[in-house]
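Observations on the model geometry
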Amino acid sequence: MRAVGARSEADVMTFFPNVPSENVGAERRSLPRPGGTRGAEEARAMRTAERTRLIARRRNLPEEERRRLSGRIQSLVLSDARWRAARVVALYVAANGEVETGLLLDSAWAAGKTVLLPRCLPRDPADPPEAGGRMEFVACSSREDLVPGRYGLLEPGPACRRVAGAETPDAIALPDLAVLPAVGLRPDGARLGYGGGYYDRAFSRPGWGGTPRLALIYAFQLVAFPVDERDASAWPDVAAHGYATENELAWLQDHFFLDAPRADR
């Protein structure tokens, strides 16, 4: 496990070629920052192409390999001090080839932690057309609480209680640690999601911005993709404060992405 210090802008925009993780750093090329309207469009197109490539590669992982890598990743999380100290943890139920979380869920329940899992919500008619999807985190006490949701994914059933932000007397405390999925992750913590904005909107709620966020990814998902600071819609999904791959668990420190205000939050 290591902590990563601040990086220069050149480091931030470095592209890791599609090579095994042990070879990362052996051969790199600079990825220029797009500019203007055309640059923003190019940046979005590059992110879309990278999202498609990574999802396909993740889905094509043999099941045995996915279980092996996921087990290694989860073991690093289980040994991390932030995980051990957390009493309330936000997790996810893996789907579409994501890093599995079964070991984390079982460990959290066995240790008496409060486990929060996401549940997708119907679109609010009052939302503008460009607004992303909505979800809420609710407390689950066991696998028996999970039911097929709006998109066929397992999520908390209707009896599970909502988390703080629902403004009810018995609202559950905010998480001490959030473990997130990701399609891709830049070395600076910028996260590439599915593009629906579900996590962006969830973590824009009052108090959620200060929750440490750890992304679970396979090593080949540690890549780079361009952003355009002048185009708020071109920013990637909610950033991560750290990441865990089968090779390492890294917390990022002193970086501009950590809880910086963003137009899409």
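Residues numbered from 1 in each chain as written. Predicted model: local features only at pLDDT ≥ 70, side-chain atom pairs only at ≥ 80, totals over all residues. Heavy atoms only, no water.

Notes on the overall build of the protein
Across its full length, the protein holds six helices and 14 strands. When burial is assessed residue by residue, the protein has 50% of its 265 residues classed as buried. Carbon and sulfur atoms provide 52% of the accessible area of the protein, an area that totals close to 12,400 Å². (Helix = DSSP H or I, 4+ residues; strand = E, 2+ residues; numbered from the N terminus. Buried < 20%, exposed > 50% of the residue type's maximum accessible area, 1.4 Å probe, protein only. Areas by Shrake-Rupley, 256 points an atom, 1.4 Å probe, with all protein chains shown as cover.)

Thoughts on the packing of aromatic side chains
Summed over the entire model, instances satisfying the criterion amount to six aromatic pairs. On the basis of an interplanar angle of 65° and a centroid distance of 6.3 Å, the ring pair of Phe 137 and Tyr 199 is categorised as edge-to-face. Pair noted here: Phe 137 is in strand E6 (residues 135–140) and Tyr 199 is in helix H6 (residues 198–202), with a separation of 62 residues, a long-range link. The buried category is assigned to Phe 137, whose relative accessible area is 2%. Centre to centre, the rings of Phe 137 and Phe 203 are 6.1 Å apart; their planes meet at 75°, and the pair counts as edge-to-face. In this pair, Phe 137 is assigned in strand E6 and Phe 203 in the loop between H6 and strand E12 (213–216), connecting sequence segments 66 residues apart. Connected via pairs of aromatic rings, a cluster forms that spans Phe 137, Tyr 199, Phe 203 and Trp 208. The ring of Trp 251 is capped by Arg 82, whose NZ or CZ atom sits 4.4 Å from the centre of that ring. Sitting over the face of the ring of Phe 225, Arg 186 holds its NZ or CZ atom 5.6 Å from the ring centroid. (Phe/Tyr/Trp six-rings, centres within 6.5 Å; stacked < 30°, edge-to-face > 60°. Lys NZ or Arg CZ within 6 Å of the ring centre and 35° of its normal.)

Regarding the pattern of salt bridges
For the structure on display, the rule yields six salt bridges. Two residues, Arg 68 and Glu 65, come together in a salt bridge whose shortest N-O distance is 2.9 Å. One end of the pair is Arg 68 and the other is Glu 65, both in helix H3 (residues 63–78) and three residues apart, which spans about a single turn. Asp 188 serves as the salt-bridge partner of Arg 186, at 2.6 Å between the closest nitrogen and oxygen. (Salt bridge = Lys/Arg side-chain N within 4 Å of Asp/Glu carboxyl O.)

Some points on the pairing of E12
Burial along E12 is two-sided: the residues Arg 213 and Ala 215 and Leu 214 and Leu 216 are all buried. In this structure, strand E9 (residues 177–181) lies alongside E12, joined through four bridges in parallel fashion. Bridge pairing in E12 links Val 179 to Leu 214. One ladder, built from three bridges, connects E12 with strand E13 (residues 242–244); its direction is parallel. Following the sheet pairing, Leu 216 is matched in E13 by Ala 244. (Pairing = 2+ DSSP bridges.)

With respect to helix H5 (residues 102–110)
Within the span of H5, buried status applies to Leu 104, Leu 105, Ala 108 and Trp 109. Along H5, the residues classed as buried sweep out an arc of 125° about the axis, all on the same side. Of the residues flanking the end of H5, it is Gly 112, one or two places downstream, whose phi is positive at about 80°. (Arc of directions from axis to C-beta.)

A word on the environment of Leu 177
Tracing the chain through its elements places Leu 177 in strand E9. Judged by its relative accessible area of 1%, Leu 177 falls in the buried class. For the pair Leu 177 and Gly 210, spaced 33 residues apart in sequence, the C-alpha separation works out to 9.6 Å. Excluding anything up to four places from it in sequence, Leu 177 contacts Arg 82, Trp 83, Ala 86, Val 88, Val 89, Ala 90, Thr 211, Pro 212, Leu 214 and Trp 251. (Contact = heavy atoms within 4.5 Å.)

Things to note about H3
Between the first and last C-alpha of H3 there are 22 Å, a value that for 16 residues agrees with the 22 Å anticipated at 1.5 Å per step. All buried positions along H3 are accounted for by Arg 66, Leu 69, Ser 70, Ile 73, Gln 74, Leu 76 and Val 77. All buried residues of H3 fall inside an arc of 150° around its axis, so they share one side. Set apart from the buried face of H3 by more than 90 degrees, the exposed residues are Glu 64 and Arg 68. (Expected span 1.5 Å × (residues − 1).)

Here we look at the nonpolar core
In terms of nonpolar packing, the biggest core is built from 51 residues, with Trp 83, Leu 91, Phe 137, Phe 203 and Leu 216 touching the most fellow members. Here the element with the most residues in this core is E6; it accounts for five residues. Discounting chain neighbours no more than four positions away, the residues touching Leu 216 are Ile 73, Val 77, Tyr 92, Val 99, Thr 101, Leu 104, Val 179, Leu 180, Pro 181, Ala 182 and Ala 244. Ala 182, Leu 222, Tyr 243 and Ala 250 belong to the second-largest nonpolar core, a separate cluster that totals nine residues. (Core = buried A, V, L, I, M, F, W, Y, C linked by side-chain atoms within 4.5 Å.)

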